Amino acid sequence: MAYSSTFTYDLKQIMNKFRLQLTYEIRMNTHPLRELIKDSELMSSIAQSYGTPSYIYEKGQIENNVKRLKNTLATYFEKSHICYAVKANSNPHLLRLMKSAHPELGGDCSSPGEIYAAGLAGIDPKDCIYTGNYESNSDIAMALKKGVYLNLDDETSFDRLLKIGKPKRISFRLNPGFGKGTFSQITTAGENAKFGIPAEKIINAYKKAQDAGIRQFGLQCMAGSGNLDEDYWEELLTAILHHTKKIESSLGINFEFISIGGGLGIPYKDEDTPLNYNRLFAKLSNILYHNYPEKASAPSLWVEPGKSFIGDAGFILTRVTGLKESYKNFVGIDAGMETLMRPALYGAYHRMIKVGEHGENNGSYDFTGPICENTDRIATAREFPKVTEGDLIAILDAGAYGYAMSHNFNTRPRAAEVLLDGDTHQLIRKRETIEDIFFGCNV
Ligand code: LLP
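So, how was this worked out
Residues numbered from 1 in each chain as written. Predicted model: local features only at pLDDT ≥ 70, side-chain atom pairs only at ≥ 80, totals over all residues. Heavy atoms only, no water. Core = buried A, V, L, I, M, F, W, Y, C linked by side-chain atoms within 4.5 Å. Buried < 20%, exposed > 50% of the residue type's maximum accessible area, 1.4 Å probe, protein only. Domains from an automatic or database assignment. Helix = DSSP H or I, 4+ residues; strand = E, 2+ residues; numbered from the N terminus. Arc of directions from axis to C-beta. Polar contact = N/O pair within 3.5 Å; in protein donor to acceptor, adjacent residues only side chain to side chain. Near = heavy atom within 4 Å. Areas by Shrake-Rupley, 256 points an atom, 1.4 Å probe, with all protein chains shown as cover. Contact = heavy atoms within 4.5 Å. Buried area = accessible area lost by both parts, 1.4 Å probe. Salt bridge = Lys/Arg side-chain N within 4 Å of Asp/Glu carboxyl O. Pairing = 2+ DSSP bridges.

J.: Explain the nonpolar core here, please?
T.: Nonpolar side chains tend to gather and get buried jointly when the protein is soluble and globular. Formed by 97 residues in total, the largest nonpolar core has its most connected members in Ile 170, Phe 172, Tyr 206, Phe 281 and Phe 367. When residues are assigned to domains, this core turns out to be shared by domain 1 (34–53 + 312–441) and domain 2 (59–308), each giving three or more. In this structure, Leu 33, Tyr 50, Val 355 and Leu 420 belong to the second largest nonpolar core, which totals 18 residues.

J.: Looking at this structure, I do not really get helix H5 (residues 92–101). What am I missing?
T.: Helical geometry note: an α-helix holds 3.6 residues per turn, so side chains three or four residues apart project in the same direction. Taken residue by residue, H5 has Leu 94, Leu 95, Leu 97, Met 98 and Ala 101 as its buried positions. Down the axis of H5, the smallest arc covering the buried residues is 160°, so these residues share one side. Near the N-terminus of H5, the side chain that reaches the backbone nitrogen of His 93, with its oxygen 2.9 Å away, is that of Asn 91.

J.: I'm lost on the site of the ligand in this one. Help?
T.: Surveying the vicinity of the ligand reveals 18 residues, the closest of which are Ser 225, Glu 304, Lys 307, Arg 342 and Tyr 401. Separating a nitrogen atom of the ligand from a side-chain N or O atom of Glu 304 is a distance of 2.6 Å. In the model, a nitrogen atom of the ligand is placed 2.9 Å from a nitrogen or oxygen of the Tyr 346 side chain. Surface burial for the ligand is 93%, taken as the share of its 580 Å² of free accessible area covered by protein chains.

J.: Would you take a moment to explain the domain arrangement of the chain for this structure?
T.: Accessible area lost upon the coming together of the parts serves often as the stated size of an interface. Each domain of the chain was delimited in the assignment, giving domain 1 (34–53 + 312–441) and domain 2 (59–308). The centre of domain 1, based on its C-alpha atoms, is set 32 Å off from the matching centre of domain 2. Each partner contributes to the interface: domain 1 provides 23 residues, whereas domain 2 provides 20 residues. In total, about 2,000 Å² of surface goes out of reach between domain 1 and domain 2, with carbon and sulfur atoms giving 54% of it. Contact with domain 2 buries surface across domain 1, with Asp 312, Tyr 346 and Tyr 401 losing the most and accounting together for 27% of the total. There are two salt bridges connecting domain 1 and domain 2.

J.: Explain the pairing of strand E16 (residues 392–395) to me, please; I cannot follow it from the model alone.
T.: Each regular strand shows side chains that alternate between the opposite faces of the sheet. Burial along E16 is two-sided: the residues Leu 392 and Ala 394 and Ile 393 and Ile 395 are all buried. As paired elements, strand E11 (residues 314–325) and E16 share four bridges and run antiparallel to each other. Across the sheet, residue Thr 318 finds its bridge partner in E16, namely Ile 393.

Here's what the structure looks like:
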């Protein structure tokens, strides 16, 4: 009896261990940077060289992401164009890398700073689209001067534009009345969205532009970020084309491009299924050419990827600063909400991997940084292996809207950025210093 219960217990232990191991393997298998992050020697040498927290980007993954979209579009569309959404990550080294993977790459810019960043990477302003919203006259003037394709968010922006100058070409942002994003906060169309021109009003905007003598037109729609649902993409393009056809027949114009915006989702969780680009763009191509059967004169399909270019290519290397057993168990790390805003802002989930020997999960922890806000969480109630002070942890999928949304709260300098190519690494942005933060104060 004693023997048999011990045996049962042992078997259970073994099964548990096996199951945990298996879960771990499955989870890790889903991420393209898995092997890299497991390399504790490399991770330690990066942490040693540049300190923590640091944003690390993997060159090959960026190139793959760019080429994958570029090749898929070339397969399914007569004419297409990619404008990388600079807001996702504006480090010029990364933009240059993207441009070398796709020399015709344009930029989707939403501020003078993003136009500037695209310029630093040698991206031709003529290949860029500027999508402002509630932009100032000086923003409009800068975009006009640079010669980017202006995509306006409201008819009144066009009135203001005409007082500054008249471009040869114009585009307006459509709000089709619905949108979809991973979170309500990143759903950028629909009745609650501050973006775009309502479907029933957009024709007036084009009429106004036509009356002003403009003859080249595009139409843009960005309805939400992080979409992994193919059906949604079909629904969105169908709605957009319904409106472009209506505008074209009423005004006798032809759109030179239709941009479906960004929003191509990436898996942030183990259970997320990545988009199948071939299947998705084959469907979208059918929809486009069904509406525009003359392929040669059909509008070019524009896409403005942010997350899908850089999201999974970047991670944060952070160090465990302290462990606290309170009413719940906390793991303190040196990357807080000032380094990665997404969890605190949207409740976003980012996978985390302990560098080196991962081991079995040991309990449930809240991962928090050094910030004086109780919303300072990178993860909540996360099953994780045992860690000790000084251990390194990688926070995955932080390449997009990670560094770009980091800030100086609690007067904390921003992290360093490092580009990794095989096992060679290069600093592509120095860690900020405390003095840098006070640069403009002149004291
Ligand atoms: N084009 C326009 C006009 C946009 O406003 C955006 C993102 C994009 C393209 C790129 O979308 P993506 O491919 O990255 O989904 N901070 C949020 C995402 C907000 C997206 C805002 N606009 C996040 O961290 O999830």
